Amino acid sequence: KQFLRRSITVQQRPAARSSKMYMFAALLVALFALTLYAITSPPTLVAPEKCGKESGLNTPHVVPSLGKPTVGTLLSSREYDVVVFGATGFTGKLVVEYLKGVRGVKVAMAGRNEAKLNDLKSALGLDFDVIVSSATDIDALSSLAEKTRVLLSLAGPYALFGRRVVEACVRSGTNYVDLSGEFFFHRDMLDRYQETAQKTGAKIVVAGGYDSVPFDLGSQLVLRDLDVKPGPQGPELTTVVSLVESCHGWLSGGTLASMIEGIGATLSGVLEGGKSMKHSQDPYIDVPEANDCTRVDTEATGWGYFPRYDRIVEDWGIPHFMAYCNSRVVRRTVHLMRQGRVSYSEGMSFGAMFDATIWAAKEWWKGEIILMPKPGEGPGPSVMKSGGFSVKVVGTRGEEQAAYRITGAGDPGYEFTSKCVATVALCLSDTSCERRPGEGGIFTVGSAVKGKSIRERLGSVMVGDRKLMKFEKL
């Protein structure tokens, strides 16, 4: 009996093991299927149940009748076309050097250190006037703003040094543009100055460089081709996806320091402003007017938190490192242009990440980049001129699709950005390029200037033998 029992037990063991192995294999398959579903599915979107007449989508876009600006003088009578505030920084030097070659434009440089401004003027052989002003002296800033059509602010981090500069421009009815990639700063300016800027006619334009012009203008291009015109819209959904396909560039010591200071300033602003970190995850933090119908996206970047495959751009990627800013800017443009229900997501392809790593390693080996630069240090001349980026933007609406590839020449953060923001500033000083002159408020580049005009201007600027920006229809 004992022998038989042992024989039966031995015979049953393989069967039990096989059963467990099958169960384990089935569990692995299920986990793999769930993971595959998670990484190939974009974040969920809000359904359009609340898109009735009360949503405002079907009502015409009526600009408030504000009359002429009540503060300041007409911009055409100002002494300068553009004043560059923060001219002695790494990016500021590039901006004034570029503006030196632009004919027929009256430019002045401003900052807190007169000696540094004069040294820069001598070093570059500039004939620009020098104006001394601190970022915290509202009287000096107001006096400065009253002299110019456009104030180009490069003094960051903006959470620390930007508010008074904006306030001075709003008081004076002066157009303004900056390089801020700080969405909490954008919201703070909205809360503080939107109503006053509407009354004075000051256009306060944020994010005028690599953050977020390529993504903002690219989105507007595909929306135009999909016939999503500014004005009344129905509840139909339009989807736009941006994917960074390549990005060659590096940061400067000043930018690194500003990033560290900016994080602290942002956290401080969150606490002092009564906002929580939950607000940082709100996709529509910079569109406080958004309602249940126009709030389409449920996650800030639109891409999701994890690597995934996107069926629209047909590639694998992760959320782009600047998507937290760019996505908010694109959504504000869509709101200001009254383009209805638009879902926006932004990623960076695996190929771009691998390519950027190899490129940076080569440039570091050649001594062209410093891994941890000090203030005043930045990418070398080779990186500045040879860098660049490529972004694929695809939009879908029903069965229709539109796609563009947008390329930029020069290091994205400096060579490209300096020329880009200077071009936007020049556009804002020209009523033939500015969209709806005299209408004030907190704007984005895509909503503040005419699309065709700014694209043509950016395409006419050269970096060596390459165009600063190209828009190729796919």
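Cut-offs and rules
Residues numbered from 1 in each chain as written. Predicted model: local features only at pLDDT ≥ 70, side-chain atom pairs only at ≥ 80, totals over all residues. Heavy atoms only, no water. 1 Å grid on protein atoms, 1.4 Å probe; cavity = no way out; pocket = protein on both sides within 12 Å on 5 of 7 lines; lining within 4 Å. Points joined across faces, edges and corners; volume = space filled by probe spheres on them. Helix = DSSP H or I, 4+ residues; strand = E, 2+ residues; numbered from the N terminus. Nonpolar A, V, L, I, M, F, W, Y, C, P; charged D, E, K, R; others polar. Salt bridge = Lys/Arg side-chain N within 4 Å of Asp/Glu carboxyl O. Buried < 20%, exposed > 50% of the residue type's maximum accessible area, 1.4 Å probe, protein only. Core = buried A, V, L, I, M, F, W, Y, C linked by side-chain atoms within 4.5 Å. Contact = heavy atoms within 4.5 Å.

## Description of empty space enclosed by the protein
Here's step 1: What the rule picks out here adds up to one cavity of 30 Å³ or more.
Here's step 2: A volume near 40 Å³ is recorded for the largest cavity.
Here's step 3: Elements with a minimum of two residues in the lining of the largest cavity: helix 7 (183-200), helix 10 (323-336) and strand 13 (441-444).
Here's step 4: Residues of the lining of the largest cavity, tallied by class, amount to four nonpolar, two polar and three charged.

## A word on the pattern of salt bridges
Here's step 1: Taken as a whole, this structure holds 20 salt bridges when the rule is applied.
Here's step 2: The residue Glu167 makes a salt bridge to Arg164 at a minimum N-O spacing of 2.8 Å. Within this pair, Glu167 and its partner Arg164 are both found in helix 6 (residues 163-172), separated by three residues, close to a single helical turn.
Here's step 3: Assessed through its relative accessible area of 11%, Glu167 is described here as buried.
Here's step 4: When the shortest N-O distance is used, the salt bridge between Asp225 and Lys473 registers 3.4 Å. Separated by 248 residues along the polypeptide, Asp225 in helix 8 (residues 213-225) and Lys473 in strand 16 (residues 469-473) bring together distant segments of the chain.
Here's step 5: Classification of Lys473 as exposed rests on a relative accessible area of 56%.
Here's step 6: A single salt-bridge network, built from bridges that share partners, covers Arg164, Glu167 and Arg171.

## Re the nonpolar core
Here's step 1: Counting residues in hydrophobic clusters, the biggest one holds 94 residues, and the most contacted among them are Val84, Phe85, Val96, Leu99 and Val177.
Here's step 2: By residue number, the principal contributor to this core is helix 13 (residues 412-428), which donates nine residues.
Here's step 3: Sequence-distant contacts of Val96, that is, excluding residues within four places in its chain, are made with Val84, Ala87, Met109, Leu120, Leu124, Leu126 and Phe128.
Here's step 4: Counting six residues, the second largest nonpolar core, distinct from the first, contains Val241, Leu243, Trp303 and Ala403.

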